[in-house]
Amino acid sequence: MDPKMIIQAAAVVALASLVFAIIRRQFIYRQDQGTDEMKKLAGAIQDGAMAFLKKEYSWLCVFVSIVAVALYVGLGEEGQGASTAACFIYGAVSSALAGFIGMRVATRSAVRTTEAAKTSLGKALTVAFSSGAVMGFTVVGLGLLGVSVLTLYFQPPAGSEAATTDWIKPIFGFSFGASSIALFARVGGGIFTKAADVGADLVGKVESNMPEDDPRNPATIADNVGDNVGDVAGMGADLFESYVGAIIASMALGLTTVGAGGNTTVAFYPVALATIGIIASMIGTFVVRTNDESKISSVLTRGLLVASAIFVGGTIALAMIPEIATELATAASAKGLWGITGVWAVTGAVWVGLLLGLLIGHITEYYTSEEKKPARQIAEQSETGTATNIIHGLAIGMESCAAPMALIAFGTLAAYSLADIYGVAIAAVGMLSTLGISLGVDAYGPVADNAGGLAEMSDCEPEVRQRTDKLDAVGNTTAAIGKGFAIGSAALTALALFYTYRQEIMGARGGEEFVIDLLNVDVIVGLFLGGTCAFLFSSLTMKAVGRAAQKMITEVRRQLPGILSGENEPDPGTCVKISTEAALKEMILPGVLAVTVPVAVGKFISAEALGGLLAGALVTGVLFAIFMANSGGAWDNAKKYIESGVHGGKGSPAHKASVVGDTVGDPFKDTSGPSLNILVKLMCIVAVVFVPLFV
């Protein structure tokens, strides 16, 4: 089989994915927007979200321009500076575009979900999930299209005397650009949303006994804007970079370690997997529908399982093609695992990744769902006050690290035993193969949350808010599962990039062996510095949320007396402005840290020290990301469990304690935690791209 056919087919399916997203978007836009009051409130949220995104992207244009120039100058001697810089810009634009499209559709879907909830739960679910699907299929479509187009452009013709592996090096710039935008989008969006959320909750719920999303609370609009810029635009950019990073890393390993530059079918196998995954995800979306509120979670899971089953069938069909089977057999280790060798060893590594993603999602659901024991234990602890709520929430988050890390460890071992380091990389692609539907399941949550806010602010019938709350409760869990997918794939992708970094250093040193030796003092120094990065990064982002929240709390306290007395109308514009300015200012330092630290360590200490840095950042970053994401999700759903009427219900001392716990967990799960997996991969990508500077 001509390997170029795989890339061409991938480009066609990527375009089909974008068309599918457009069709879903048109379905959403045909739905009723409800009353004039609902339209007015939705318009305020849309305007606030778009204003923030435009300002954020204008700032990021400056960053992208500076880094592109640095790439052009720094890598110019290798003859790849211009190509890498161009790919970097392409990746940054694609990542930003994915976030922009997803958020634009999400802000227009929420009001339609609210109106649909007046009819039935099933209709509301369909609208909200369609919005998530637009996000999902835009991300995979733009990601796979970018990889395909760049591969077709850079790959030398068959039989060419051009260097056999160097052609893929500029494409790492595409992943670098995507990761850079993702980090800023996650950090900036996370600071925005959590500053507004903390201000709205602490002053509105705790101090003033207001219900959630009370229209009198001036921070309510900013809170709803934040759901979109953080959990939609930020999350879309986050998983876009995870997706393209996994594909490109495994392509590079297929070229450099398996195919020795000649076996391009091995290099393009990840692209074939992504192509099958998109088709499987499209089919899976059609089974996501129900009117039974008790089956919302199960029907979303059913969509994922259907897509996963179709994907498995597709990998089997791929393995049955003689040309592919013969060439993939070279990627399997000589020993294999449990007697599995040849093409089935590589296919088995893909299945390991897919299964690993599903299991991590299941564990995340256990630790964060309001229907499970951990969240209910936190709710019970809230009866004795805020301190016990926070203590137990922290303990649950720490406990939740054990099972996912054990799974990642054994999954890595199994994938490596099946197909060496290529198996580890291809397992990451398998984990993200059905991202089209898994991101749709994830991204529907913020839409449901906004729909509930609009129902409250526009004074809809109580049953409307009840239906949107059912969607929102499940959305909290699916959002946590999405973060689990991102973190798990980050670990596997970072390992693949780590090995790619080693290969690039060896190539730059003329084939000299490159060893990360724990007895080497440079490696030890790097480990310490890398382990510190996750803590320092989390500190910067947490303090940023705290400073922004202080300003928000002060502003809400200033406005509320006049609002409650009837003298003044709420001024949400000032609150949106506070969150916007704080987010744009505070996102710079964490983002610059992620790019400059690897370059500084590699340039001024040694390449070995940079290897230690990447290893230290990987271990602490993944652990801290799981801990923060799961503890935050558990705190959130513990609060929602109390609001269902247990332990005194809304307004009770236990509820107030749970609100404080949830507020502490907000920056954990929506700012610092999900940003850490991007930090780990971005540092690895920076190391790979700037290798010429270190040797």
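Higher on the page you've got the structure.
Below is a summary of the structure that appears in this document. (Residues numbered from 1 in each chain as written. Predicted model: local features only at pLDDT ≥ 70, side-chain atom pairs only at ≥ 80, totals over all residues. Heavy atoms only, no water.)

## Some details on the overall build of the protein
Within the protein, the regular secondary structure consists of 21 helices and zero strands. For 695 residues, the compact-globule estimate of 2.2 N^0.38 gives 26 Å, and the C-alpha radius of gyration of the protein, at 24 Å, lies within 12% of that figure. Along the first, second and third principal axes, the C-alpha atoms of the protein reach 80 × 50 × 40 Å. Looking at the protein as a whole, 64% of its 695 residues are labelled buried. Within the protein, counting contacts between residues at least 6 apart in sequence, those at least 24 apart form 85% of the total. Of the roughly 23500 Å² of accessible surface on the protein, 62% is carried by carbon and sulfur atoms. Charge-centre separation for the protein: the mean point of 45 positive side chains lies 3 Å from the mean point of 58 negative side chains. (Helix = DSSP H or I, 4+ residues; strand = E, 2+ residues; numbered from the N terminus. Rg over C-alpha atoms; globule rule 2.2 N^0.38 Å. Buried < 20%, exposed > 50% of the residue type's maximum accessible area, 1.4 Å probe, protein only. Contact = heavy atoms within 4.5 Å. Areas by Shrake-Rupley, 256 points an atom, 1.4 Å probe, with all protein chains shown as cover. Lys, Arg positive; Asp, Glu negative; His and termini not counted. Charge placed at Lys NZ, Arg CZ, Asp CG, Glu CD.)

## With respect to the packing of aromatic side chains
Taken as a whole, this structure holds 16 aromatic pairs when the rule is applied. Between F88 and F176 the ring centres are 4.9 Å apart and the planes differ by 55°, which places this aromatic pair in the tilted class. Here F88 is found in helix α3 (residues 81–117), whereas its partner F176 is found in helix α5 (residues 172–207), with 88 residues between them in sequence. Aromatic side chains Y153 and F154 sit 4.9 Å apart centroid to centroid with 90° between the ring planes, which places their arrangement in the edge-to-face category. (Phe/Tyr/Trp six-rings, centres within 6.5 Å; stacked < 30°, edge-to-face > 60°.)

## Brief notes about the pattern of salt bridges
One pass over the structure, following the stated rule, counts 19 salt bridges. In this structure, K669 engages D666 in a salt bridge whose closest nitrogen and oxygen atoms are separated by 3.8 Å. Here the residue K669 and the residue D666 both occupy positions in helix α20 (residues 653–689), the gap between them amounting to three residues, near one helical turn. One exposure class covers both K669 and D666, and it is buried. What emerges from the salt-bridge pattern is a single network uniting K194, D197, D636, K639, K640, D662, D666, K669 and D670. (Salt bridge = Lys/Arg side-chain N within 4 Å of Asp/Glu carboxyl O.)

## Here's the deal with the nonpolar core
Counting residues in each nonpolar core, the largest one holds 239 residues, and the members touching the most others are F176, Y243 and Y501. Apart from the residues within four sequence positions on either side, Y243 is in contact with V140, G143, L144, A274, I278, L432 and L435. (Core = buried A, V, L, I, M, F, W, Y, C linked by side-chain atoms within 4.5 Å.)

## Thoughts on unusual backbone geometry
One non-glycine residue with positive phi stands out, namely D420, at about 55°. Here D420 is to be found in helix α13 (residues 402–431). Its identity is not glycine, yet D459 carries a phi of approximately 60°, on the positive side. Of note, D459 is situated in the loop between α14 (435–457) and α15 (462–508). With relative accessibility at 67%, the residue D459 sits in the exposed group.

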